[in-house]
Amino acid sequence: MTASNSSTAIHSDGGVPPRVIYVGPYVDETIVHERGLRGHNAAGSNRMARIGQALAAAGLRPIILSPATSLRAKAPQRFMLPRRMRKTGPVAVVYSACLNVIVLNMISVVLTQLLTLYALVHREPVAGVIFYNSNAANVCMALYLRLFTRVRILHNVEDIYEPKFNDWTAGSKTHPLQNLYFSLGQRLMGLLVDGYIVPTERFLARLSSRPIASVVTGCIEIEGTTPKKPAAPLRVLYAGKIESEHGICQFMDALQILDHRHEAPAFEVDISGAGDQSDFVLDAARSLKNINVRFHGFISKDQYTRLLCDADICLALQDP
């Protein structure tokens, strides 16, 4: 997907093109620190920004409506966090206002997002609303749109939730209540939306049948780089959440096996990201004698781009 250089195209009839509202948990580094968020949601934010850029390139005017809060978020001082407006390339971003109180922030943002959505829909022409995943706030807003407007609704499905009995067993890595909550939301969204945006066609078999469905695969553009012949040692990059679900344990186990071979491996490793397995990664990296592992933690977009440009091999892993 490519982005347009102009964020406000003019239709052939001389009018301004309609808005597309994209509701989801987009955050930038500034809002993360300002609101005391525990995570950066880098993958989801990048995904939303790229789809927003594609909408702009198609001549529409995308605006991201983000809650910019989480259950345990806690910003310093203020009781009420005001609405913020920013831009990411050609895409406008509105961060909803909310109370700066744990738990109450999640309740208050349902109302503030709904009020902001109402104002946007009734202020100017809106071609459609896209919802990123299926939390309670998104279901409420989709229900409002279905009952009181004629706006077309799309569901951007980034995960499939299927509750199982073994989610509740002691050895399960799944959060059973969270899985049940999002599964219910996913089913309710299926009753309200006109179509789907999915990262892979395999998702569609697990969703309610709809006449509109678009498969939009992930991509990331690195400017100014050309393929180079790798030189020893190879640079290997693992980036993403440092959690069991994302294959970090298997990756570190593989490094341990390679480290014990007689011949020293001709590569070095960069690991970036954050998660509940960060301490495990640090301890495992210190135990390696022949492989140089650099653990960077969560880094800025510019730092990540530099790591990506220097890498010969990039890993995107998942625990099967």
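Residues numbered from 1 in each chain as written. Predicted model: local features only at pLDDT ≥ 70, side-chain atom pairs only at ≥ 80, totals over all residues. Heavy atoms only, no water.

**Structural notes on the pattern of salt bridges**
Using the criterion set out here, one finds 14 salt bridges in the structure. Ionic pairing is found between Arg84 and Glu34, a salt bridge with its closest N-O pair at 2.9 Å. Of this pair, Arg84 sits in strand β4 (residues 84-88) while Glu34 sits in helix α1 (residues 29-34), and the two are 50 residues apart along the sequence. A relative accessible area of 28% means that Glu34 is categorised as partly exposed. The residue Glu124 makes a salt bridge to Arg61 at a minimum N-O spacing of 2.6 Å. Of this pair, Glu124 sits in the loop between α3 (104-123) and β7 (126-132) while Arg61 sits in strand β2 (residues 61-66), and the two are 63 residues apart along the sequence. Grouping residues by exposure puts Glu124 and Arg61 together as buried. The network of salt bridges with shared partners includes Arg19, Arg61, Arg123 and Glu124. (Salt bridge = Lys/Arg side-chain N within 4 Å of Asp/Glu carboxyl O. Helix = DSSP H or I, 4+ residues; strand = E, 2+ residues; numbered from the N terminus. Buried < 20%, exposed > 50% of the residue type's maximum accessible area, 1.4 Å probe, protein only.)

**Let's talk about the pairing of strand β11 (residues 234-239)**
Relative to strand β12 (residues 267-272), β11 runs parallel, the two being bridged by six bridges. By the bridge assignment, Ala239 is partnered in β12 with Ser272. With helix α6 (residues 248-259) bridging β11 and its parallel neighbour β12, the resulting β-α-β unit is right-handed. (Pairing = 2+ DSSP bridges. Right-handed = clockwise from strand over helix to strand, strands pointing away.)

**Quick look at the nonpolar core**
Counting 28 residues, the largest nonpolar core has Ile21, Val23, Leu117, Val129, Phe131 and Leu145 as the members making the most contacts within it. Where this core is concerned, the elements lending two or more residues are β1 (19-23), β2, β5 (91-95), α3, β7, α4 (136-148), α5 (176-192) and β9 (195-198). Of the residues forming this core, the biggest block, six residues, is contributed by α4. Formed by 22 residues, the second largest nonpolar core is a distinct cluster that contains Leu55, Ala73, Ile197 and Val216. (Core = buried A, V, L, I, M, F, W, Y, C linked by side-chain atoms within 4.5 Å.)

**Here's the deal with the packing of α4 against α5**
Where α4 contacts α5, the two axes come as close as 10 Å, and the packing angle between them is 15 degrees. Relative to α5, the element α4 lies roughly parallel. Crossing of α4 over α5 shows left-handed handedness. Between α4 and α5, the contacting residues are Ala136, Asn138, Val139, Ala142, Leu143 and Arg146 on the first element and Tyr181, Gly185, Leu188, Met189 and Leu192 on the second. (Axes fitted to C-alpha atoms, helices over the stretch in contact; angles between N-to-C directions. Parallel < 35°, antiparallel > 145°, perpendicular 65-115°, else oblique. Left-handed = near helix turned anticlockwise from the far one by under 90°. Contact = heavy atoms within 4.5 Å.)

**Points about the packing of α6 against helix α7 (residues 278-287)**
Where α6 meets α7, the axes come as close as 10 Å, and the angle between the chain directions of the two elements is 5 degrees. Viewed along their axes, α6 and α7 adopt a mutual orientation that is roughly parallel. Contacts between α6 and α7 involve Ile248, Cys249, Met252, Gln256 and Asp259 on the former and, on the latter, Phe280, Val281, Ala284, Ala285 and Ser287. When its residues are assigned to classes, the contact of α6 with α7 shows seven nonpolar, two polar and one charged. (Nonpolar A, V, L, I, M, F, W, Y, C, P; charged D, E, K, R; others polar.)

**Describing the sheet that holds strand β8 (residues 152-156)**
Strand order in the open sheet made by the eight strands is β4-β5-β2-β1-β7-β8-β9-β10, with mixed pairing throughout. The sheet is open, and its two borders are formed by β4 and β10 (212-215), each paired with just one other strand. Neighbour-to-neighbour, the strand axes of this sheet turn through a mean angle of 20 degrees, independent of strand direction. Packing of helix α2 (residues 42-57) onto the sheet brings it into contact with β1, β2, β4, β5, β7, β8 and β9, and relative to β1 it is tilted by some 170 degrees.

**Examining the side chain of Thr112**
Tracing the sequence through the fold places Thr112 in helix α3. If near-sequence neighbours (up to four positions away) are discounted, Thr112 is found in contact with Ser96 and Ala97.

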